[in-house]
Amino acid sequence: MAIKIYNTLTRQKEIFKPIEEGKVKMYVCGPTVYNYIHIGNARPAIVFDMVRRYFEYRGYDVNYVSNFTDVDDKLIKAAKELGEDVPTIAERFIKAYFEDVGALGVRSADAHPRVTETMTEIIEFINGLIEKGFAYEVNGDVYFSTRKFENYGKLSQQSIDALQSGARIEVEQQKVDPLDFALWKVAKPGEISWDSPWGKGRPGWHIECSAMVKKYLGETIDIHAGGQDLSFPHHENEIAQSEAMTGKAMANYWMHNGYINIDNEKMSKSLGNFILVHDILKKYDPEIIRFFMLMAHYRSPINFNDELLNSAGTGLERLKNAVQNLEYRLEETADLGKNESEWVAKIDAEKEKFIREMDDDFNSANAIAVLFDLAKLANVYLREDHTQKVVLQKFLETFNELADVIGLQLSSPKELLDEEIEKLIEQRNEARKNKDFALADKIRDDLKDMNIILEDTPQGVRWKRE
RNA sequence: GGCGGCAUAGCCAAGUGGUAAGGCACGGGUCUGCAAAACCUUUACCCCCGGUUCGAAUCCGGGUGCCGCCUCCA
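Counting restarts for each chain: residues are numbered from 1 in the order of the written sequence. Naming scheme: in the order in which they are written, chains are lettered from A and ligands are numbered from 1. Residues qualify for local features only when their pLDDT is at least 70, as the model is predicted, and side-chain atom pairs are given and counted only at 80 or more; totals for whole chains, interfaces and linings, by contrast, use all residues. Each side-chain value is derived from all of the structure's non-hydrogen atoms; neither hydrogens nor water enter the calculation.

Chain A goes by Cysteine--tRNA ligase in an unreviewed UniProt entry, where it is assigned to Anaerobacillus arseniciselenatis. UniProt positions are given in the numbering used here, feature names are shortened, and annotations may be inferred rather than shown by experiment. What UniProt states about chain A under its Subunit (unreviewed entry) heading is, verbatim, "Monomer." Looking at the Catalytic activity (unreviewed entry) heading of the UniProt record, one finds this comment for chain A: "tRNA(Cys) + L-cysteine + ATP = L-cysteinyl-tRNA(Cys) + AMP + diphosphate".

Two modes of strand pairing occur in sheets, parallel and antiparallel, and in both the strands are linked by backbone hydrogen bonds. Pairing within the open sheet is parallel, and its 4 strands lie in the order E4-E3-E9-E10. Where the open sheet ends on each side, the last strands, each with one partner, are strand E4 (61–66) and strand E10 (251–257). The average undirected angle you get between the axes of adjacent strands in this sheet is 20°. Strand pairing follows a simple DSSP-based rule, namely that at least 2 bridges must link the two strands. By definition, any uninterrupted DSSP run of H or I lasting at least four residues is a helix, any uninterrupted run of E lasting at least two residues is a strand, and each is numbered from the N terminus. Bridging between strand E9 (residues 221–227) and E10 involves 6 bridges; their strand directions are parallel. Across the sheet, residue glycine 226 finds its bridge partner in E10, namely histidine 256. The sheet strands contacting helix H6 (residues 207–216) are strand E3 (23–28), E4 and E9, and the helix crosses E3 at an angle near 160°. Between N-to-C directions, angles cover 0 to 180 degrees, with each direction set by a line fitted to C-alpha atoms, over the stretch in contact for helices. Any two residues whose heavy atoms approach within 4.5 Å at even a single point are treated as in contact.

Quick look at the protein's contact with RNA strand B now. The near set for a molecule or strand comprises every residue that places at least one heavy atom within 4 Å of it. Around RNA strand B, 62 residues are found, and the nearest of them are Trp205, Gly227, Leu230, Met267 and Asn366. A breakdown of the atoms of RNA strand B within 4 Å of the protein gives sugar and phosphate a share of 65%. One of the side-chain nitrogen or oxygen atoms of asparagine 379 is found 3.2 Å away from a sugar or linking oxygen of RNA strand B. When residues in the surface near RNA strand B are grouped by element, the largest group, 8 residues, is from helix H10 (residues 306–332). Put simply, Ala, Val, Leu, Ile, Met, Phe, Trp, Tyr, Cys and Pro go in the nonpolar bin, Asp, Glu, Lys and Arg in the charged bin, and everything else, Gly too, in the polar bin. When grouped by side-chain class, the residues that make up the surface near RNA strand B number 21 nonpolar, 24 polar and 17 charged. Pairs of N or O atoms within 3.5 Å make up the polar contacts considered here, provided that, within protein, one atom can donate a hydrogen while the other can accept it, and that residues adjacent in sequence are counted only when both atoms are side-chain atoms.

Here we take up the sheet that holds strand E8 (residues 201–203). Pairing in this open sheet of 4 strands is antiparallel, and the strands run E5-E6-E7-E8 from one edge to the other. Bordering the open sheet on either side are strand E5 (135–138) and E8, each of which pairs with just one other strand. For this sheet, the mean angle separating the axes of adjacent strands, direction not counted, is 20°. As defined by bridge partners, strand E6 (residues 141–144) adjoins strand E7 (residues 181–186) across 3 bridges and the pair is classed as antiparallel. Across the sheet, the residue bridging to valine 142 is tryptophan 184, located in E7. Contacting E5, E6, E7 and E8, helix H4 (residues 119–131) crosses the sheet at an angle of about 120° to E7.

What follows concerns the environment of alanine 79. Topologically, alanine 79 is positioned in helix H2 (residues 73–82). It is 8.5 Å that separates the C-alpha atoms of alanine 79 and tyrosine 34, two residues lying 45 residues apart in sequence. Among all residues touching alanine 79, those that are not within four sequence positions of it are Glu84, Asp85, Val86 and Ile89.

Our next topic: the UniProt feature "domain: Cysteinyl-tRNA synthetase class Ia DALR" (unreviewed entry) in chain A. Under the UniProt annotation, the feature "domain: Cysteinyl-tRNA synthetase class Ia DALR" (unreviewed entry) is placed at residues 353–417. With 68% helix and 0% strand, residues 353–417 has end C-alpha atoms that lie 39 Å from one another.

Positionally, asparagine 7 belongs in strand E1 (residues 4–7). Of the polar contacts made by the side chain of asparagine 7, one reaches the side chain of glutamate 14; its length is 3.3 Å. Each residue touching asparagine 7, except ones within four places of it in the same chain, is listed here: Gln12, Glu14, Asn252, Tyr253 and Trp254.

Turning our attention to the pattern of salt bridges. Put simply, a salt bridge is a Lys or Arg side-chain nitrogen that is within 4 Å of an Asp or Glu carboxyl oxygen. On inspection of all chains with the given rule, the structure shows 37 salt bridges. Note that glutamate 84 is salt-bridged to arginine 92, the shortest N-O span being 2.4 Å. Two residues, lysine 353 and aspartate 373, come together in a salt bridge whose shortest N-O distance is 3.3 Å. Here lysine 353, found in helix H11 (residues 341–359), pairs with aspartate 373, found in helix H12 (residues 364–382); they are 20 residues apart in sequence, far enough to count as distant.

As a further point, take the domain arrangement of chain A. Domain start and stop points were drawn from an automatic or database domain assignment. By the assigned domains, chain A splits into domain 1 (4–303), domain 2 (317–406) and domain 3 (419–465). One C-alpha centre belongs to domain 2, the other to domain 3, and the line joining them spans 29 Å. Taken together, the contacts link 7 residues of domain 2 with 6 residues of domain 3. At the boundary of domain 2 with domain 3, total buried surface from both sides reaches about 550 Å², with 37% on carbon and sulfur atoms. Joining two parts hides part of their accessible area as seen by a 1.4 Å probe, and the buried area is that hidden amount summed over both. For the domain 2 face of the interface with domain 3, the top three residues by lost area are Gln324, Tyr328 and Arg329, together amounting to 70%. The interface formed by domain 2 and domain 3 holds 0 salt bridges in total. At the junction of domain 2 and domain 3, the tally comes to 4 residue pairs in polar contact (both at pLDDT 80 or more). Its residues placed into classes, the side of domain 2 that touches domain 3 shows 1 nonpolar, 3 polar and 3 charged.

Packing of H11 against H12 leaves a shortest axis separation of 8 Å and a crossing angle of 170°. Taken as axis vectors, H11 and H12 run roughly antiparallel relative to one another. Side by side, H11 and H12 meet where Trp343, Lys346, Ile347, Glu350, Lys353, Phe354, Glu357 and Met358 of the first sit next to Ser364, Asn366, Ala367, Val370, Leu371, Asp373, Leu374, Leu377, Val380 and Tyr381 of the second. A per-class count over the contact of H11 with H12 returns 11 nonpolar, 2 polar and 5 charged. Each angle is binned into one of four classes, with values under 35 degrees roughly parallel, values over 145 roughly antiparallel, values of 65 to 115 roughly perpendicular, and all other values oblique.

What goes into a patch is any residue over 30% in relative accessible area without a salt bridge, connected to like charges within 9 Å or, for nonpolar side chains (Val, Leu, Ile, Met, Phe, Trp, Tyr), within 5 Å. Accessible surface is estimated by sampling points in the Shrake-Rupley manner with a 1.4 Å probe; for residues, cover comes only from the protein chains shown. Charged-residue counts in this description rest on Lys and Arg as positive and Asp and Glu as negative, His and the chain ends being excluded. To locate a charge, take atom NZ for lysine, CZ for arginine, CG for aspartate or CD for glutamate. On the surface, Asp418, Glu419, Glu420, Glu422 and Glu426 cluster together into a patch of negative charge. Take glutamate 419: it is sitting in helix H14 (residues 419–433).

Another aspect to go through is the packing of aromatic side chains. For any pair of aromatic rings, the description rests on two quantities: the centre-to-centre distance and the angle between the ring planes. Centres within 6.5 Å make a pair out of two Phe, Tyr or Trp rings, where for Trp the six-membered ring is used; the pair is then stacked when the planes are under 30 degrees apart, edge-to-face when over 60, and tilted otherwise. By the definition in use, this model includes 22 aromatic pairs. Measuring from centroid to centroid gives 5.1 Å for phenylalanine 68 and tyrosine 97, while their planes differ by 85°, and the two rings are edge-to-face. Of this pair, phenylalanine 68 sits in the loop between E4 and H2 while tyrosine 97 sits in helix H3 (residues 86–103), placing them 29 residues apart in sequence. Each member of the pair, phenylalanine 68 as well as tyrosine 97, is classed as buried. The buried label applies to any residue whose accessible area, calculated with a 1.4 Å probe on protein chains only, is under 20% of its type's maximum; exposed applies above 50%, and partly exposed to all values in between.

This paragraph deals with the packing of helix H9 (residues 286–294) against H10. Close contact between H9 and H10 brings their axes to 9 Å; oriented N to C, the two are set at 100°. As far as their axial angle goes, H10 and H9 are roughly perpendicular. Residues Glu287, Ile288, Ile289, Phe291 and Phe292 of H9 form the contact with H10, whose participating residues are Leu308, Leu309, Ala312, Gly313, Gly315, Leu316, Leu319 and Lys320. For the contact of H9 with H10, the residue count by class is 9 nonpolar, 2 polar and 2 charged.

In structure tokens:
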């Protein structure tokens, strides 16, 4: 079995073949850190974290790199507005990024390079492009000669001439061709800047990724990923820069996640209809956000609203209940050493199905459906009077293993109740024994006010937090 | 104008040739002192019109509608 990836470059699913056996070199375009990230920025972080986890689950050694754009026009503008300097703002929102995304279960990359820490490599890269005749300098600005790169437009499948007619932005007069894009921008008075062979300035947006990919992962990498809106022009320009420089493919597979929509319209900072992760986490459990995003395929657009999040939350609750049901019963079960290979086989079949779905372009939607099937199977098994430890353990192991690939924690840590609550539960048991249901129900209601939910099962009373 | 995507139940969402997964919601039932959890059960002319095929949600052609990209954007 092999992993298949939808490659934006070829517009089809392809079998993943790593450059180096057993290894994945992967680069994901990160945020510009001039504000808190919105949930649209969170989507690539989450889905490619899932991709990374799956590769690891399948035994690959993943080298995962994701950048921070910590100097650019938006940061300079934000600095001016806030009366702070660029590094201060960048630092603050990088910290916030790790907090937000960490809450969403996204693991740290192996490297998180920043533009300001990659300046030497960026300048070298631009120099190389000038030497090779792919770039030129005008009054301290440096531009890439787009038309000199033969395959320009191959990722977005645009012909270079069609692009020209579509240009809506006012063209800077000094460009030789309107399609040329900036590699280096001359500093305006008072702006943050770095020394370069072309005078004081800062890098253009696209060059950082080319330089970072080369520095951290090499000339050709396995997977380059990001949001769909980056495919043009950002990724197109990266390809032009890198491939002009090395003469080799920049990445073998290009992956793009779909947008998040609000009321069926793309959410973006420019439209102003964005939801900050920072804010939404005050309202929803972070794992619900993650679960919701992975319930759809990563390439599909998803809508975001309260109704959808709440229903995802209920679904997640169902999975957690199944795991709790298993855990609870495990405590009550002795191993009778009975042969239960039939159930074990059923569980293994679900696991295989999960792998098959994930192999198919990381279909987490179907993989999660398998988790629901597994939950159903577990609950059916739990209806039997005599359960077996081996089977319960097998269920739990499988749940934990597969949920971890999705990045979810289904079992909740064991905790003890304080004595007062224990006493109340005891009193209620007494009341029930004496058929004093009024008192029993009152105690149950009181406990509910303390966010303790009681459930009476054939094996006894159990509780959980609301 | 150029390029691309999408249209599946009340809502969300898989499914790219073999007769429609899964979740949420709703109704009916079982279990329960009552609940909860759980199980069983009901609910789809797959946007429209043609075509190819023994067979189409799936492939092809033509519509309709929505969305995105065409140098701020994840």
